Amino acid sequence: MSDDNPRLDVLLVATDRRHRLWPPMAVSLIRYLDADGIATPVAESVADEWVEVYLAPRPTAHSAFVKGAWTGDGPAFVEAVVRFGSRPEPLPYGGEGTATTWIEFRGSVLGEPSAEFRKKIADLFRLRTEVFSRPHEPPPPHREVPEDELPKEPEKRKGPSSGAVGTRVEDR
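Residues numbered from 1 in each chain as written. Predicted model: local features only at pLDDT ≥ 70, side-chain atom pairs only at ≥ 80, totals over all residues. Heavy atoms only, no water.

(A) Representation of the pairing of strand β3 (residues 50-57) within the structure. Most of β3 is tucked away: six of the eight residues are buried. Both strand β2 (residues 39-46) and β3 contribute to a ladder of seven bridges, which runs antiparallel. By the bridge assignment for β3, Ala39 is matched with Pro57. Counting the residues that bridge the hairpin from β2 to β3 gives three residues. Where β3 lies against strand β4 (residues 79-85), six bridges are found, and the strand directions are antiparallel. By the bridge assignment for β4, Leu55 is matched with Ala80. (Buried < 20%, exposed > 50% of the residue type's maximum accessible area, 1.4 Å probe, protein only. Helix = DSSP H or I, 4+ residues; strand = E, 2+ residues; numbered from the N terminus. Pairing = 2+ DSSP bridges.)

If you want it as structure tokens, here you go:
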């Protein structure tokens with residue numbers, strides 16, 4: 001890689017910063033990225049109100065940025081992150097304010113994701129995005145979930161269970 005084509009960190013943020021990508025849709029987005037050969041999940045940080053999924057580039061990682069074959073050395077990016085949840089967080093860079101949902105490509109050699117990729121994300125997941133970038137910085141460590149932010153266990157029902165509704169067992 002030459003100095004005239006430096007790596008970038010690229011952030012796709014929901015244009016409606018209040019937009020929440022609910023867990024089933026986020027899982028579908030991550031499965032899409034994996035199935036399309038762009039990125040595969042390798043780690044996650046799961047809190048009660050937010051989730052970050054860390055993804056490694058796959059053989060066709062470049063397809064989020066350009067159409068056709070990849071002729072570059074190495075992968076098109078170093079790492080991807082999908083962040084979603086109900087708690088807004090300050091944007092790591094780029095625009096002002098907070099957001100609940102974003103996709104980040106860390107260490108991209110191709111710059112901004114293609115209009116085709118962004119349209120597909122908008123059509124499939126109702127996630128319209130704006131793009132911010134900065135010169136690549138070494139990725140921070142994956143987030144640790146503080147003890148007080150861990151997901152809460154669902155409350156268990158109290159009392160005896162009477163079985164399924166509408167069933168009755170008779171002894172003969």
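There's plenty left to go through after this.
(B) Highlighting the packing of aromatic side chains. Counted according to the given criterion, the structure contains five aromatic pairs. Relative to Phe125, the ring of Tyr32 has its centre 6.0 Å away and its plane inclined at 55 degrees; by these criteria the two rings are tilted. Taken together, the residues Tyr32 in helix α1 (residues 23-35) and Phe125 in helix α2 (residues 115-125) connect sequence positions 93 residues apart. Exposure remark for Tyr32: the relative accessible area of 13% places this residue in the buried category. (Phe/Tyr/Trp six-rings, centres within 6.5 Å; stacked < 30°, edge-to-face > 60°.)

(C) Seen up close, the sheet that holds β4. Read from one edge of the open sheet, six strands run β2-β3-β4-β7-β1-β8, paired in antiparallel fashion. Two strands bound the open sheet, and with one partner strand each, they are β2 and β8 (129-135). Each adjacent strand pair in this sheet contributes to an overall mean axis angle of 20 degrees, direction not counted. Contacts between α2 and the sheet are confined to β1 (8-14), β7 (102-108) and β8, with β8 contributing the most and set at about 135 degrees to the helix. (Axes fitted to C-alpha atoms, helices over the stretch in contact; angles between N-to-C directions. Contact = heavy atoms within 4.5 Å.)

(D) Local environment of the pattern of salt bridges. Taken as a whole and assessed by the stated rule, the structure comprises 16 salt bridges. The partner of Glu130 in a salt bridge is Arg17, and the shortest N-O contact between them spans 2.8 Å. Taken together, the residues Glu130 in strand β8 and Arg17 in the loop between β1 and α1 connect sequence positions 113 residues apart. Among the salt bridges present, the one from Glu89 reaches Arg83, with a minimum N-O distance of 3.2 Å. Here Glu89 and Arg83 have matching classes, each one buried. Three or more residues joined by partner-sharing salt bridges are found here, namely Glu52, Arg83, Arg87, Glu89, Arg143 and Glu149. (Salt bridge = Lys/Arg side-chain N within 4 Å of Asp/Glu carboxyl O.)

(E) Summary view of the side chain of His62. With respect to the secondary-structure elements, His62 resides in the loop between β3 and β4. For His62, a relative accessible area of 6% gives the class buried. Once residues lying within four places of it in the same chain are set aside, the contact partners of His62 are Gly68, Ala69, Trp70, Ala76 and Leu110.

(F) Broad picture of α1. Between its first and last C-alpha, α1 extends 18 Å over 13 residues, near the 18 Å set by a 1.5 Å rise per residue. Listed in full, the buried residues belonging to α1 are Ala26, Leu29, Ile30, Tyr32 and Leu33. For α1, the angular spread of the buried residues around the axis is 155 degrees, confining them to a single face. Turned more than 90 degrees away from the buried face of α1 sit Pro24, Arg31 and Ala35, all of them exposed. In this structure, the buried side of α1 is in contact with β2, β3, β4, β7 and α2. Directly beyond the C-terminal end of α1, a positive phi value near 80 degrees is found at Gly37. (Expected span 1.5 Å × (residues − 1). Arc of directions from axis to C-beta.)

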